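# Architecture at a glance
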Amino acid sequence: MPHFIFEIALAILGIFLLEFILRSRNYNGKKHNVIFLGAPGAGKGTQASRLAKELKIPHLSSGHLLRQAVVDGTPIGQQIKSYIEKGQLAPDEVLNAVIAEQLQKPEYANGFILDGYPRTIEQAQFLDDYLDKNDRYITAVFDLQVDEDVLVERISGRRICGNGKCGATYHIKSMPPRQEGICDLCKRPLAQRADDNEEVLRQRIERHEQRIVHLLVHYDNQGTLFTIRGEGSVDEIYEDILLSIGI
Ligand SMILES: [Zn+2]
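Since the structure is predicted, the reported quantities are computational estimates derived from the model, not experimental observations.

## Describing the overall build of the protein
A count of helices and strands for the protein gives 9 helices and 8 strands. Across the 247 residues that make up the protein, the buried fraction comes to 25%. Taking as baseline every contact in the protein between residues at least 6 positions apart, the subset at least 24 positions apart corresponds to 67%.

Here's what the structure looks like:
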């Protein structure tokens, strides 16, 4: 009889253990601190915001980060504002201060998805140190790889409504307006962003390649880097992202 009780106890313990393992693998209980890397036009923003919705954690793009700091009106935000007004890029230490200021907010406590930051190895090292001090760490880095010619086609086909209050966006191939060159919503003419032309784009892509190489080595050494082929449908790419982190 005592032997029988022992076996039942063992079975119950096993069930608890199994539940604990399953629960710890469940992404709702796990913290995801994610970074998206990829050239302009690689689709970082689209994939990042989709993953953020699924994991129920905030998506923080570098543009949003800077705007939020300005809106918050903190001393760092005021510095950012003066750089934006002068048309200059904020230096590393200012961006780092902004990221630290944002990530300490309670909404980022259960994880976050960064897109557009870090851009340099100095920023990546700052982020590692900051997270480490707060008992956190980067859990996954996705590098979306897209062929240069595909990037150029994607970006140079972008059109934006010239009406500032509307701002609807189109793509001459993948999302054309009903009437060529005219906004579906407000019937105003569509325009191309000045820096969305091929020559400027190829320069931006080249600068990105040079900058990102150090980041790739950094995250590869940490074992957090996942290389994702960023061509194909948005759904296919998203599936690859989920599969790579076992969701
Ligand atoms: Zn419009």
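## What to know about the environment of Ile172
Take Ile172: it is sitting in the loop between strand S6 (169-171) and strand S7 (190-191). Measuring from C-alpha to C-alpha, the distance between Ile172 and Ala42 comes to 17 Å, with 130 residues separating the pair along the chain. Among residues more than four places away in sequence, those in contact with Ile172 are Gly157 and Arg159.

## Regarding helix H5 (residues 92-103)
The end-to-end C-alpha distance of H5 is 16 Å, a good match for the 16 Å that 12 residues give at a rise of 1.5 Å each. Residues Leu95, Asn96, Val98, Ile99, Gln102 and Leu103 constitute the buried set of H5. Angularly, the buried residues of H5 cover 160° about the axis, an arc narrow enough to put them on a single face. Close packing links the buried residues of H5 with strand S2 (59-61), helix H3 (62-72), helix H4 (75-85), strand S3 (111-115) and helix H6 (121-133).

## Comments concerning the packing of H5 against H6
Orientation of H5 relative to H6, taken along the N-to-C sense of each, is 30°, at an axis distance of 10 Å. Comparing their axes, H6 and H5 come out roughly parallel. Seen along the crossing, H5 lies across H6 with a hand that is right-handed. Contacts between H5 and H6 involve Asp92, Leu95, Asn96, Ile99 and Ala100 on the former and, on the latter, Glu122, Gln123, Phe126, Leu127 and Tyr130.

## What to know about the sheet that holds strand S8 (residues 225-229)
Here we have 5 strands laid out as an open sheet, ordered S2-S3-S1-S4-S8, and parallel in their pairing. Two strands bound the open sheet, and with one partner strand each, they are S2 and S8. Taken pair by pair, the neighbouring strands of this sheet meet at an average axis angle of 20°, ignoring direction. As paired strands, strand S4 (residues 140-145) and S8 are joined by 5 bridges and run parallel to one another. When the sheet's bridge partners are listed, Gln145 is paired in S8 with Arg229. With respect to the sheet, helix H2 (residues 44-55) is in contact with strand S1 (32-38), S2, S3 and S4, its orientation differing from that of S3 by roughly 175°. Where helix H8 (residues 198-222) meets the sheet, its contacts fall on S1, S4 and S8, and the angle it forms with S8 comes to roughly 125°.

## Concerning unusual backbone geometry
Geometrically, the link from Tyr117 to Pro118 is a cis peptide bond, its omega value of -5° lying close to zero. You can see Pro118 is positioned in the loop between S3 and H6. Positioned with a positive phi, Asp135 is a non-glycine residue whose angle comes to about 55°. Looking at the element boundaries, Asp135 is found in the loop between H6 and S4.

## Describing the nonpolar core
In terms of nonpolar packing, the biggest core is built from 39 residues, with Phe36, Leu65, Val98, Ile99, Ile113 and Phe142 touching the most fellow members. Look past the residues within four positions of Leu65 in its chain and what remains in contact with it is Leu60, Val98, Ile99, Gln102 and Tyr117.

## As for the environment of Glu148
Following the sequence through the fold, Glu148 ends up in helix H7 (residues 148-156). By the C-beta count within 10 Å, which is 14 here, Glu148 ends up partly exposed. Counting along the chain gives 117 residues from Glu148 to Lys31, while the straight-line C-alpha distance between them is 34 Å.

## A few points about the sheet that holds S6
Read across the sheet, 3 strands follow the order S6-S5-S7 without closing on themselves; strand pairing throughout is antiparallel. Among the strands making up the open sheet, the edge pair consists of S6 and S7.

## With respect to the pairing of S3
When you tally the buried positions in S3, you get 4 out of 5 residues, the bulk of the element. As paired elements, S1 and S3 share 5 bridges and run parallel to each other. What sits directly across from His32, in S3, is Gly111.

## Some words on the confidence of the model for the protein
The predicted model of the protein has a mean per-residue pLDDT of 89, with 94% of residues at 70 or higher. Contacts of residues 24-28 to residues separated by more than four positions or lying in other chains number 5 contacts, the stretch itself having pLDDT below 50.

What counts and what doesn't
Residues numbered from 1 in each chain as written. Predicted model: local features only at pLDDT ≥ 70, side-chain atom pairs only at ≥ 80, totals over all residues. Helix = DSSP H or I, 4+ residues; strand = E, 2+ residues; numbered from the N terminus. Buried ≥ 20, exposed ≤ 12 C-beta atoms within 10 Å, placed from the backbone. Contact = placed C-beta atoms within 7 Å. Expected span 1.5 Å × (residues − 1). Arc of directions from axis to C-beta. Axes fitted to C-alpha atoms, helices over the stretch in contact; angles between N-to-C directions. Parallel < 35°, antiparallel > 145°, perpendicular 65-115°, else oblique. Left-handed = near helix turned anticlockwise from the far one by under 90°. Pairing = 2+ DSSP bridges. Core = buried A, V, L, I, M, F, W, Y, C linked by C-beta atoms within 7 Å. pLDDT = per-residue confidence, 0-100.

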